[in-house]
Amino acid sequence: MSDFSPLWISLKVAALAIVIIFLLGIALAYWMLKYQGRWKSLIDAFLIAPLILPPTVVGFLLLRLCGRNGPIGHITSWLGFSIVFTWYAAVISATVVAFPLMYKTTLGAFEQVDNDLLQVARTLGASERKIFWRILLPLSFPGVLAGITLAFARALGEFGATLMLAGNIPGETQTIPMAIYYAVESGQTNEGWIWVGIIMLISLSGIFAVNLSKQQRNQNFTSRATYADISNPDITQDWITPWEDRDFAISKELNHDPQSTGLYVDIQKNLIGFSISTQFSVSSNQPIGLLGTSGAGKSMLLRLIAGTEKPSQGLIVVNGKVVFDSDKQINIPARLRRVGYVVQNYALFPHMTIAENIAFGLSGKINPKMIDHKIASQLKMLHLQGMENLYPHQLSGGQQQRVAIARALAGEPDVLLLDEPFSALDTHLRNQLERQIITTLNNYDGVKVLVTHNMDEAYRICDNLLVIEKGKMIAQGSKLQIFEHPKSISVAKITGCKNFSRANLLNQQEIVALDWKVNLKISESIPADFFYVGIRAHHIKVTKEPNQVNTFICWLANQIEGYHSLTLFFKLNEPSSSKQDYHLQVEIVKDKWYEISSQSFPFYITLDPAKILLLR
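A quick note: this is a predicted structure, and the numbers were derived from the prediction, not measured. (Residues numbered from 1 in each chain as written. Predicted model: local features only at pLDDT ≥ 70, side-chain atom pairs only at ≥ 80, totals over all residues. Heavy atoms only, no water.)

## Details of unusual backbone geometry
What is expected of a backbone is that most residues other than glycine have negative phi and most peptide bonds are trans.
Thinking step 1. The phi dihedral of Gln329 falls on the positive side, at around 55°, and the residue is not glycine.
Thinking step 2. Mapped onto the elements of the fold, Gln329 is located in the loop between β5 (321–325) and β6 (330–331).
Thinking step 3. By relative accessible area, Gln329 is classed as exposed at 53%.
Thinking step 4. Here Glu412, not a glycine, exhibits a phi torsion of approximately 50°, which is positive.
Thinking step 5. The topology assignment puts Glu412 in the loop between α15 (397–410) and β8 (415–419). (Helix = DSSP H or I, 4+ residues; strand = E, 2+ residues; numbered from the N terminus. Buried < 20%, exposed > 50% of the residue type's maximum accessible area, 1.4 Å probe, protein only.)

The structure is reproduced here in structure tokens:
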């Protein structure tokens with residue numbers, strides 16, 4: 001075999017095709033990642049159709065498009081050249097047939113990148129272009145490389161569509177697959193085997209190189225983790241296009257009062273089967289806790305404030321600057337809102353060092369010396385000295401949390417949003433970091449919003465609370481007011497009250513608890529619109545003294561033992577018939593209960609009139 005032209009033609013065709021496929025595949029995969037229109041499924045089906053259709057069908061369609069009587073053929077004839085039966089016809093065929101592999105693999109790689117990383121990057125001031133080049137593409141690079149390799153191998157082996165559009169002209173359009181076909185047709189089996197070996201060697205070598213590169217990448221990534229945490233243990237859709245890099249003249253477009261500080265929110269967000277509709281304001285003083293059960297809409301509310309989600313309507317104002325106004329069609333991108341956002345999983349950029357993570361939102365905005373100073377300052381403030389060259393996977397959960405906070409604070413945001421910052425930590429570490437967070441928040445002058453479903457956590461960290469239920473704000477006030485004097489049964493439940501009964505008024509000092517079947521004296525004025533009575537489990541006193549106000553004989557139905565205390569389930573005035581037949585839950589320290597239970601029956605419980613809650 002002396003003619004190697006099929007090899008050179010195949011390599012030339014595949015190389016040019018892969019350049020086109022790479023550029024087109026990356027662009028369309030990124031566009032489809034962001035596109036959420038009604039035609040998404042149809043567009044996706046059209047783009048991957050060449051992978052599903054028989055090559056001869058693809059070749060026939062290309063021939064009809066590029067032939068003399070086709071729309072593209074008319075244009076090329078007018079320009080004085082023809083596509084059919086030329087080597088660049090082979091390029092077109094290879095590009096069309098191999099493109100779906102690059103597109104679909106790249107789109108899958110893009111979709112695997114944690115969306116929280118992209119959302120946090122936007123709140124750090126990064127443009128969409130910077131996010132693409134610094135985060136999305138590097139993190140999805142193994143998938144993109146796999147797509148390139150598969151597409152190249154497919155382009156190298158393309159036969160059916162190429163035969164119909166480019167033909168089998170030796171020295172002109174005869175690629176390796178054509179040469180194999182010709183060798184078999186002419187009975188030259190040995191030559192066919194040679195070409196099969198060559199194309200398999202090229203294709204498999206590419207795949208082997210990709211796998212080897214991926215394996216080496218994983219080994220390097222793992223090796224950097226061997227020294228982690230040894231010397232540093234834990235201690236305490238837009239109206240303004242996101243692709244624009246120009247600096248918006250916000251002061252000309254927005255209402256701005258330099259004397260106004262704090263956060264004002266009055267928004268509505270319609271979701272499938274759920275909606276958020278809330279109004280509140282927060283000053284730049286004490287940190288405020290956003291308290292609610294899982295699924296209440298707390299995290300979505302933070303994303304709406306940060307700008308990573310868009311409200312259906314309403315108004316958001318930060319320090320006198322309108323960042324969202326549906327009536328005036330103002331929707332300032334997240335990167336321009338000056339909002340620091342710490343998500344539940346911290347969303348540290350895994351391919352960047354700790355120093356690079358902290359500096360991400362500062363690059364290009366201040367000089368390098370100032371960036372180094374800010375990094376050092378944040379590391380010192382959050383006790384992370386010596387960790388600047390480590391990677392996120394080399395840190396413990398508590399250290400990662402502090403890095404996420406340092407990154408959010410480095411840009412000196414007007415608002416700091418913390419979404420369940422302790423949810424992934426164990427109890428001991430959570431207690432240590434709570435003290436650190438309290439100190440950090442006290443040193444920060446902006447608006448501080450902490451989202452949590454843990455009432456004890458909210459009580460310890462925040463002096464003021466907002467309570468949210470099913471997307472609606474149902475209470476706002478000091479923590480003492482929210483916990484000691486909840487106005488509704490919903491607020492009482494969210495703040496940990498477990499004992500409730502329907503209730504009616506008897507007189508100005510007495511009510512009847514219908515479900516508990518007892519009359520209760522009340523120490524404060526009784527509102528006219530109450531429907532329920534409640535009392536917290538730790539406010540109920542177990543005693544042996546019957547002659548006290550609101551004291552009733554009781555029978556023990558069940559008990560659950562904790563490490564320090566017991567939860568007791570009592571039925572009032574008559575014996576319990578089963579473990580589920582009870583009126584009240586009581587929390588009591590073990591020693592106290594052991595002292596009482598060692599004495600003879602009966603037991604009594606007292607409901608302090610000052611601790612009884614009257615609820616709507």
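## Considering the sheet that holds strand β18 (residues 565–572)
Thinking step 1. With antiparallel pairing, five strands are arranged side by side in an open sheet as β16-β20-β17-β18-β19. Of all strands in the sheet, those with a lone pairing partner are β16 (540–543) and β19 (584–589), marking the two edges. Direction aside, neighbouring strands of the sheet carry axes that sit 45° apart on average.
Thinking step 2. Where β16 lies against strand β20 (residues 603–607), four bridges are found, and the strand directions are antiparallel. By the bridge assignment for β20, Val542 is matched with Ile605.
Thinking step 3. Its contacts with the sheet put helix α20 (residues 590–597) on β16, β17 (551–561), β18, β19 and β20, and the angle it makes with β19 is roughly 105°. (Pairing = 2+ DSSP bridges. Axes fitted to C-alpha atoms, helices over the stretch in contact; angles between N-to-C directions. Contact = heavy atoms within 4.5 Å.)

## A closer look at the packing of helix α3 (residues 55–66) against helix α4 (residues 71–79)
Thinking step 1. The geometry of α3 relative to α4 is characterised by a closest axis approach of 4 Å and an angle of 45° between their N-to-C directions. Classified by the interaxial angle, the pair formed by α3 and α4 is oblique. Taking contact as the criterion, the partners of Arg64, Leu65 and Cys66 in α3 are, on α4, Pro71, Ile72 and Gly73.
Thinking step 2. Looking at the contact of α3 with α4 residue by residue, the class counts come to four nonpolar, one polar and one charged. (Parallel < 35°, antiparallel > 145°, perpendicular 65-115°, else oblique. Nonpolar A, V, L, I, M, F, W, Y, C, P; charged D, E, K, R; others polar.)

## Side note on the pattern of salt bridges
Thinking step 1. All chains considered together, the criterion is met by 14 salt bridges.
Thinking step 2. Residue Lys374 is joined to Glu412 by a salt bridge in which the shortest nitrogen-to-oxygen separation is 2.8 Å. One end of the pair, Lys374, is in helix α14 (residues 368–381); the other, Glu412, is in the loop between α15 and β8, with 38 residues separating them in the sequence.
Thinking step 3. In this structure, a network of salt bridges that share partners links the residues Lys34, Arg122 and Glu128. (Salt bridge = Lys/Arg side-chain N within 4 Å of Asp/Glu carboxyl O.)

## Brief notes about the nonpolar core
Thinking step 1. Within the largest apolar cluster, 76 residues are counted, with the highest numbers of intra-cluster contacts made by Phe110, Leu263, Phe280, Leu301 and Leu417.
Thinking step 2. Here this core gets ten residues from one element, more than from any other, and that element is helix α1 (residues 5–34).
Thinking step 3. Filtering out sequence-adjacent residues up to four positions away, Phe110 remains in contact with Ile26, Ala29, Tyr30, Leu33, Phe132, Leu136, Leu137, Ser140 and Val144.
Thinking step 4. In terms of nonpolar packing, the next biggest core, distinct from the first, is built from 42 residues, Tyr346, Val403, Ala410 and Leu433 among them. (Core = buried A, V, L, I, M, F, W, Y, C linked by side-chain atoms within 4.5 Å.)

## Regarding the packing of α1 against helix α2 (residues 40–52)
Thinking step 1. As a packed pair, α1 and α2 sit with axes 11 Å apart at the nearest point and diverge in direction by 160°. Put simply, α1 runs roughly antiparallel to α2. Considering the relative orientation of α1 and α2, their crossing is left-handed. Facing Leu28, Trp31, Met32 and Leu33 of α1, the residues of α2 in contact are Lys40, Ile43, Asp44 and Leu47.
Thinking step 2. Grouping the constituent residues of the contact of α1 with α2 by class yields six nonpolar, no polar and two charged. (Left-handed = near helix turned anticlockwise from the far one by under 90°.)

## A few points about the pairing of strand β9 (residues 447–452)
Thinking step 1. Along β9, six of the six residues are buried, which leaves the element largely enclosed by surrounding structure.
Thinking step 2. The alternating pattern of β9 places Val447, Val449 and Val451 on one face and Lys448, Leu450 and Thr452 on the opposite face, and all of these are buried.
Thinking step 3. In the sheet, β8 pairs with β9 via five bridges, with the strands oriented parallel. In the sheet register, Leu418 faces β9, and the bridge partner there is Leu450.

## Focus on α20
For an α-helix the count is 3.6 residues per turn, leaving residues at separations of three or four pointing the same way.
Thinking step 1. Looking only at α20, the buried set comprises Lys590, Trp593 and Ile596. End-on view of α20: buried residues confined to an arc of 130°, all on one side of the axis.
Thinking step 2. Packed against the buried residues of α20 are β16, β17, β18, β19 and β20. (Arc of directions from axis to C-beta.)

## Description of the sheet that holds strand β13 (residues 510–513)
Thinking step 1. On the basis of which strands lie adjacent, the open sheet formed by five strands has the order β14-β13-β12-β15-β21 and antiparallel pairing. Of all strands in the sheet, those with a lone pairing partner are β14 (518–521) and β21 (613–615), marking the two edges. Pairs of neighbouring strands in the sheet enclose a mean axial angle of 40°, with direction left out of account.
Thinking step 2. Where strand β15 (residues 532–535) and β21 come together, three bridges link them in antiparallel fashion. The residue of β21 that forms the bridge with Gly534 is Leu613.

## So, the packing of aromatic side chains
Thinking step 1. Scanning the model with the defined rule gives ten aromatic pairs in all.
Thinking step 2. Seen from their ring centres, Phe132 and Trp133 are 5.1 Å apart, and the 85° between their planes marks the pair as edge-to-face.
Thinking step 3. Its relative accessible area of 7% is what places Phe132 among the buried residues.
Thinking step 4. Take Trp133: its relative accessible area is 54%, and that puts it in the exposed class.
Thinking step 5. Their ring planes at 85° and their centres at 5.0 Å tell us that Tyr459 and Phe483 sit as a pair that is edge-to-face. With Tyr459 in helix α17 (residues 455–461) and Phe483 in helix α18 (residues 479–484), the pair connects residues that are 24 residues apart, well separated along the chain.
Thinking step 6. For Phe483, a relative accessible area of 9% gives the class buried.
Thinking step 7. Grouping aromatic residues by their ring pairs yields a cluster made of Tyr30, Phe110, Phe132 and Trp133. (Phe/Tyr/Trp six-rings, centres within 6.5 Å; stacked < 30°, edge-to-face > 60°.)

## Describing the environment of Gln112
Thinking step 1. Mapped onto the elements of the fold, Gln112 is located in helix α5 (residues 87–112).
Thinking step 2. As a C-alpha pair, Gln112 and Ser140 span 28 residues in sequence and 7.6 Å in three-dimensional space.

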